[in-house]
Amino acid sequence: MKGKRLLAALICGILSVSLTACTGDAGASPAVADETPALSDAEQTAAGGSIKLALWDANQEVFISPLVQEWGEKNGIEVSVEVTPWEQYWTMLEASATGGSMPDVMWMHSNQVERYARNALIMDLDSRIAGSELVDMTKFPEDISNVYHFEGRQYGIPKDLDTMALWYNKSMFDEVGLDYPDETWTWDTLKDAARRLTKEDGSQYGFVHQAREDQMGYWNFIYQNGGYVINADRTQSGWADPKTIEAMEYVMSFFEEGICPNATTVAENRVETLLQSGTVAMGFAGSWMMGPFQNNDYFVENFDCAVLPSAPDGTRATIYNGLGWAAAAGTPNPDAAWALLEYLGGEEAQVKLAQACVCNISAHEAGRGAWGQSDERFHLQAYVDMVPYGIPFPSSINTVVWNDMQREKVAEMLLMERPVAEICAEIEQEMNTMLAAERA
Amino acid sequence: MADTNKRSELRWGWLFVAPTVIGLFVLNIGPIAQTIYKTFFKTGDFGRGNIFVGLENYARMFADKSVWQALANTLIYTVVEVPVSVAIALVLAVLLNRKIRGRTVYRTIYFTPMVAAPAAIALVWRWLYNTDFGLINKLLSGIGLGPVSWISNPNITIFSIGVVGIWSCIGYNMVLFIAALQEIPRDYYEAADIDGAPGVVQFFKITVPLLSPNIYFVATTRTIAAMQVFDLIFMMVDKSSPALPRTQSLVYLFYKYTFEQYNQGYGSTIVVLLLVVILILTVIQQIIQKKWVHYN
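The model shown is predicted, which means the values in this text are computed figures rather than measured ones.

Colleague: Got a minute to help me understand the overall build of chain B in this structure?
Modeller: What chain B contains, in helices and strands, is 12 helices and 2 strands. Listed by position from the N terminus, the elements making up chain B come as α-β-β-α-α-α-α-α-α-α-α-α-α-α. Dimensions of chain B, computed from the C-alpha atoms along their principal axes, are close to 85 × 75 × 30 Å. The 296 residues of chain B split such that 41% are buried. Across chain B, contacts joining residues at least 24 apart in sequence account for 67% of those joining residues at least 6 apart. When the accessible surface of chain B is summed, it comes to about 16,600 Å², and 69% of that surface belongs to carbon and sulfur atoms. Taking the average place of the 23 positive charges on the side chains of chain B and the average place of its 15 negative ones, the gap between the two points comes to 2 Å.

Colleague: I keep staring at the pairing of strand β3 (residues 105–108) of chain A and nothing clicks. Help me out?
Modeller: Consecutive residues of a regular strand have side chains that alternate between opposite faces of the sheet. All names here are of chain A. Neither face of β3 is exposed, since V105 and W107 on one face and M106 and M108 on the opposite face are all buried. Here 2 bridges tie strand β1 (residues 50–55) to β3, and the two strands are oriented parallel to one another. Bridge pairing in β3 places A54 opposite M106. Examined bridge by bridge, β3 and strand β13 (residues 324–327) share 4 bridges and lie antiparallel to one another. Within β13, the position partnered with W107 by the bridge is W325.

Colleague: When you look at the packing of helix α3 (residues 65–96) of chain B against helix α12 (residues 264–292) of chain B in this model, what are you seeing that I'm missing?
Modeller: Packed helices, taken two at a time, are described by the angle their axes make and the gap between the axes. Residue and element names in this part refer to chain B. Relative orientation of the contacting elements α3 and α12 amounts to 40°, with a least axis distance of 12 Å. Our classification of the angle between α3 and α12 gives oblique. Both α3 and α12 take part in a crossing whose hand is right-handed. Contacts between α3 and α12 involve V67, W68, L71 and L75 on the former and, on the latter, Y266, I270, L273, V277 and L281. Taken together, the residues of the contact of α3 with α12 break down into 9 nonpolar, no polar and no charged.

Colleague: Would you mind going over helix α2 (residues 56–63) of chain B with me for this structure?
Modeller: For an α-helix, the turn length of 3.6 residues means that residues three or four places apart are oriented alike. Residue and element names in this part refer to chain B. Looking at α2, one finds that the buried residues are N57, Y58 and M61. Down the axis of α2, the sector holding all buried residues measures 95°, keeping them to one side. Turned more than 90 degrees away from the buried face of α2 sit E56 and A63, all of them exposed.

Colleague: When you look at the packing of aromatic side chains in this model, what are you seeing that I'm missing?
Modeller: What describes a pair of aromatic rings is the distance from one ring centre to the other and the angle between the planes of the rings. On inspection of all chains with the given rule, the structure shows 52 aromatic pairs over all chains. Summarising the aromatic geometry, the rings of B:F234 and B:Y255 are spaced 5.1 Å apart at their centres and angled 65° between planes, so their arrangement reads as edge-to-face. One end of the pair, B:F234, is in helix α10 (residues 231–236); the other, B:Y255, is in helix α11 (residues 250–260), with 21 residues separating them in the sequence. For B:Y255, a relative accessible area of 15% corresponds to the buried category. Measuring from ring centre to ring centre gives 4.9 Å for B:Y257 and B:Y266, while their planes differ by 75°; the resulting arrangement is edge-to-face. The exposure classification of B:Y257 matches that of B:Y266, with both residues buried. It is A:R316 that lies over the ring of A:Y389; its NZ or CZ is 6.0 Å from the centre. Here B:R60 stacks its cationic end above the ring of B:Y266, 3.8 Å away from the centre of that ring.

Colleague: Would you explain the confidence of the model for chain A in this entry?
Modeller: Any segment with low pLDDT has predicted coordinates that should not be analysed in fine detail. Residue and element names in this part refer to chain A. A residue-level look at chain A finds 89% of positions with pLDDT of 70 or above and a mean pLDDT of 88. In the model of chain A, helix α1 (residues 2–35) stands out as the element of lowest mean pLDDT, 40, in contrast to helix α10 (residues 242–257), which has the highest, 97. In this model, residues 1–47 is a region of pLDDT below 50 whose contacts with residues beyond four sequence positions or in other chains number 30 contacts.

Colleague: Is there a simple way to think about the sheet that holds strand β11 (residues 303–306) of chain A in this case?
Modeller: Sheets are built from strands that pair by backbone hydrogen bonding, the pairs being arranged parallel or antiparallel. Residues and elements named next belong to chain A. Spatial strand order, β9-β10-β8-β11: 4 strands in an open sheet with mixed pairing. Bordering the open sheet on either side are β9 (205–207) and β11, each of which pairs with just one other strand. Here the strands of the sheet are splayed against their neighbours by 30° on average, with no regard to which way each runs. Against the sheet, helix α9 (residues 214–224) touches β8 (164–169), β9 and β10 (280–286), its axis set at about 90° to β10.

Colleague: I'm lost on the environment of A:G286 in this one. Help?
Modeller: Residue and element names in this part refer to chain A. Its place among the elements puts G286 in strand β10. Taking C-alpha positions, G286 is 21 Å from A263, a pair spaced 23 residues apart along the chain. Apart from residues lying up to four places away in sequence, G286 is in contact with T163, M164, M216 and Y383.

Colleague: Looking at this model, I keep getting lost on helix α20 (residues 420–439) of chain A. Mind explaining?
Modeller: Residues and elements named next belong to chain A. Here α20 is 20 residues long and its end C-alpha atoms lie 29 Å apart, about the 28 Å a rise of 1.5 Å per residue gives. Every buried residue of α20 is listed here: V420, I423, C424, E426, I427, E428, M431, N432, L435 and E438. Next to the buried residues of α20 lie α10 and α19 (399–413).

Colleague: Is there a simple way to think about the interface of chain A and chain B in this case?
Modeller: For interface size, the figure often reported is the accessible area lost on association. Taken together, the contact between chain A and chain B spans 30 residues of the former and 25 residues of the latter. For the pair chain A and chain B, the summed buried area comes to about 2,600 Å², and 50% of that belongs to carbon and sulfur atoms. Our enumeration of links across chain A and chain B arrives at 4 salt bridges. Between B:D45 and A:R115 there is a salt bridge, and its shortest N-O distance comes to 3.6 Å.

Basis of the calculations
- Each chain carries its own residue numbering, running from 1 in the written order of its sequence.
- Labels are handed out in written order, letters beginning with A for the chains and numbers beginning with 1 for the ligands.
- With the structure being a predicted model, the display of local features is reserved for residues of pLDDT at least 70 and the display and counting of side-chain atom pairs for 80 or more, all residues being used for whole-chain, interface and lining totals.
- Based on all heavy atoms of the structure, the side-chain values leave hydrogens and waters out of the count.
- The secondary structure listing takes helices from DSSP runs of H or I that are at least 4 residues long and strands from runs of E that are at least 2 residues long, numbered from the N terminus.
- Relative accessibility thresholds used throughout: buried, under 20% of the residue-type maximum; exposed, over 50%; partly exposed, between the two (1.4 Å probe, protein chains only).
- In what follows, a contact means two residues having at least one pair of non-hydrogen atoms within 4.5 Å.
- Residue burial considers only the protein chains on display, and all accessible areas are found by Shrake-Rupley using a 1.4 Å probe.
- For the purpose of charge, His is not counted, nor are the chain termini; Lys and Arg are scored as positive and Asp and Glu as negative.
- Throughout, a charge is located at the NZ atom of Lys, the CZ atom of Arg, the CG atom of Asp or the CD atom of Glu.
- Here, any two strands with at least 2 DSSP bridges between them count as paired.
- Between N-to-C directions, angles span 0 to 180 degrees; the directions come from axes that are lines fitted to C-alpha atoms, helices contributing only their stretch in contact.
- Comment on the angle field: the value is read as roughly parallel under 35 degrees, roughly antiparallel over 145, roughly perpendicular from 65 to 115, and oblique elsewhere.
- Crossings are classed by handedness, with left-handed meaning an anticlockwise turn of the near helix from the far one by less than a right angle and right-handed meaning a clockwise turn.
- All amino acids are sorted into three groups, where Ala, Val, Leu, Ile, Met, Phe, Trp, Tyr, Cys and Pro are nonpolar, Asp, Glu, Lys and Arg are charged, and the leftover types, Gly among them, are polar.
- Directions pointing from the helix axis toward each C-beta atom define the arc.
- Classification of ring pairs uses Phe, Tyr and Trp, with its six-membered ring standing for Trp, and accepts pairs whose centres are within 6.5 Å; under 30 degrees between planes counts as stacked, over 60 as edge-to-face, and the remaining range as tilted.
- Charge over a ring is defined by NZ of Lys or CZ of Arg lying within 6 Å of the ring centre and within 35 degrees of the ring normal.
- Confidence of the prediction at every residue is given by pLDDT, a number between 0 and 100.
- In this analysis, the expected span of each helix is defined as 1.5 Å times one less than the number of residues it contains.
- Here the quantity called buried area is the accessible surface, traced with a 1.4 Å probe, that two parts lose on coming together, added over both.
- Every case where a carboxyl oxygen of Asp or Glu lies within 4 Å of a side-chain nitrogen of Lys or Arg is listed as a salt bridge.

Now the structure itself:
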């Protein structure tokens, strides 16, 4: 009897504590927001309150958390970092935006930013940037800042930028006596090398293409060849452009010659798996993939990277993109959120994160060199060297919709059952319908 | 006096069923109504500014080949999963209802997949099935059979998924059958023994008829669950897999449109189709059961 009563009391206690904890949290922040004046320099004013920061990469969280926590302690703001994997991140953010409980500060992506900006869910930063001493938008590549620019207003501060490089297995090159890839490589050199690196028994392939990887794969070839995925005002698909089709035919020739693992293998295994298992000698990879690369002993021992091969006419191109730091428009603590954003967009934080290799090339020009040197085992400068040849990530209002369709069609293309041009034409047609629906 | 008694009884009755009824309305019937309502709208961003479009979503769905393919996929999965898992579970239940050595151990082993998280199961099977690095193909190559693309060949992927579905629900079905088997009086079997009926005959003439209400129950609930298959496909088949169009289920499409493309209107329309199909299947099962289920 006594024991039961004790248990009941205990449960009541726990319940009431958790209840007050919830209300305490929610109640505290608006009060702070009311009394704080706009603060221009985070170092001087203590904003107080708490900030929730959302991102999707656990590898980067390891470096970002200490940085923002240190900043928070200096400024009397409690910063909590929440990681949601990319696959669920946007579902989470959509739900929290619909429910009115968005994280205060978050990572934004070119695929999604327009929907959030158009619905005024993320903060318009124009006036705050204008009055800021820390954030200088001229230090970022214009293409990347423009990603977060909507109807003349800035909704995000560039966090990083990513380019592609060609990774190759040195041991496999040594085995057949091939010279390592360098800036002289073209499509022809790439294919020749892939042929020589492929073993007859199917235990080793020269190169890997995937249906999953547009940004990290066939999009690069399309733009190198002078084709395009979407036009500049984002109203028209370029999939049936002869140059685009030609690039896809080049991609498909790897499958036809059997110098790339077949459609089923590339559907079941990611590029990094195929490289790290020694199945494939060469592959493109984005600069955000350093986490998995650095942590694999076989990879570290055998691999290095070089700039992407150029098209037969010498044209260089890489898809490049960059994440943005954005703040929720409805945050109860806008000044603290901006102060954090301002810090993260400033030179100090950008350089610090660039030095931690896995946090990607800094958007801020001051951090580029630091990133190129951030892991001496690899020639990471190749990524930085590709920046001038960057092509902005093809996107529209509802990028995901045509992206899904494109991926399914390319997956079908890899089966080699239908002509490349026919599938390209279908993609163009469906994509145009989807783009028209976006603006309806 | 009697009248007030009855009234107070009635009040208590309502009070007792209230938690369930309220739960049913708030958690099931309400959302169903809301879902149907949504099918008439073009969803605006973040649930704002929905535009009434009448039957446009339905028109699009009826013209959408991938929806009908997904319905076919879902039905194939159900036809594979339900009968096979019920049959295996029934046989296992009969075997494990006897006094054999290690009976509890076997029962536990068969029930374990039910306890494991579906996502974890799917992830493990995904690697077992892997064409190049999977254990199954390694074993097959040991006996000289070529690699099979279990989860990327469009022709067989739905069956590979079905196998995992069967494997994970056998234990649960089996436990339901074992419980029912223990209700069957021993006298029937003793009488059959005296008449000299062999085991197989006893199984079909005694066990199956007396178990038929339970078989019907399991088959109906499993069908409903199988029609809603999602997690195994989502976890095991990559989005870029050439097998996806011929493997994705209706719920998979619902998820894709609702949560990945934020088109709740169209997603809801697909799930309403699923609801209707499940209703029809259940009604058919209910009509047929009159012919083979024995209640006594």
